[in-house]
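Listed below, chain by chain, are the residues.
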Amino acid sequence: MSALFLRNNYISVGASGALFGLLGSMLSELLMNWTIYSNKVAAIITLLFIIAINVAIGILPHADNFAHIGGFLTGFLLGFVLLARPQFGWLERSELPHTNQPPKYKPYQYVLWVVALVLLLVGFTLSLVMLFKGKNGNDGCHWCHYLNCVPTSRWKCDT
């Protein structure tokens, strides 16, 4: 996302985008496997608070918030694809005789898996096409530059 939206400015490289990917995958894992958490409200409030603080810090100048947002979105979608947990009580079919065994995954897990996989493929394809054609992401979104830096009386966001 940095290469698409920060054409005329700096593009930074660091581990923060990957760390946001981990936060995104934690959120998708929490949503995908919601039934196994005992204190659901505390888990989601804590995670959303951490994400909000880190995104807010990213709007300061010289922090590449587009890398953070791209890492978060990719981690969020990949979490649905890679972190589906089999339901409790499910065993391999070869270990049991024919019984009324619960299915390995719930229907909503399959739906989330398919939707996330399609969004990932479409997003990566569109991003690569835009990047190789030299398109600027800000051309179609005139407010997106505020996701990376919000100008105030204390700093400017030109550089």
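Since this is a predicted model, take the numbers as computed values, not measurements.

**Side note on the nonpolar core**
Here's step 1: Core analysis: the largest hydrophobic core is formed by 15 residues, its most contacted members being Leu 27, Leu 47 and Ile 51.
Here's step 2: For this core, the elements supplying multiple residues, two or more each, are α2 (16–32), α3 (40–58), α4 (65–82) and α5 (107–133).
Here's step 3: Apart from the residues lying within four places of it in its own chain, the contact partners of Leu 27 are Ile 44, Leu 47, Leu 48, Ile 51, Phe 72 and Phe 76.
Here's step 4: Phe 5, Leu 6, Phe 66 and Cys 141 belong to the second largest nonpolar core, which has six residues in total.

**What about the UniProt feature "transmembrane region" (unreviewed entry) in the chain?**
Here's step 1: UniProt's entry tags residues 12–34, 41–60, 66–84 and 110–132 with the feature "transmembrane region" (unreviewed entry), counted in the numbering of this structure.
Here's step 2: Taken end to end, residues 110–132 has its terminal C-alpha atoms 33 Å apart, with 100% of it in helix and 0% in strand.

**So, α3**
Here's step 1: Over its 19 residues, α3 runs 27 Å from end to end, which matches the ideal 27 Å to within 8%, given 1.5 Å per residue.
Here's step 2: If you check which residues of α3 are buried, you get Ile 44, Leu 47, Ile 51 and Gly 58. Within α3, the buried residues cover an arc of 70° as seen down the axis, which keeps them to one side. What points out from α3, more than 90 degrees from its buried face, is the exposed set Val 41, Ile 45 and Phe 49.

Analysis parameters
Residues numbered from 1 in each chain as written. Predicted model: local features only at pLDDT ≥ 70, side-chain atom pairs only at ≥ 80, totals over all residues. Heavy atoms only, no water. Core = buried A, V, L, I, M, F, W, Y, C linked by side-chain atoms within 4.5 Å. Buried < 20%, exposed > 50% of the residue type's maximum accessible area, 1.4 Å probe, protein only. Helix = DSSP H or I, 4+ residues; strand = E, 2+ residues; numbered from the N terminus. Contact = heavy atoms within 4.5 Å. UniProt positions renumbered as here; feature names shortened; annotations may be inferred. Expected span 1.5 Å × (residues − 1). Arc of directions from axis to C-beta.

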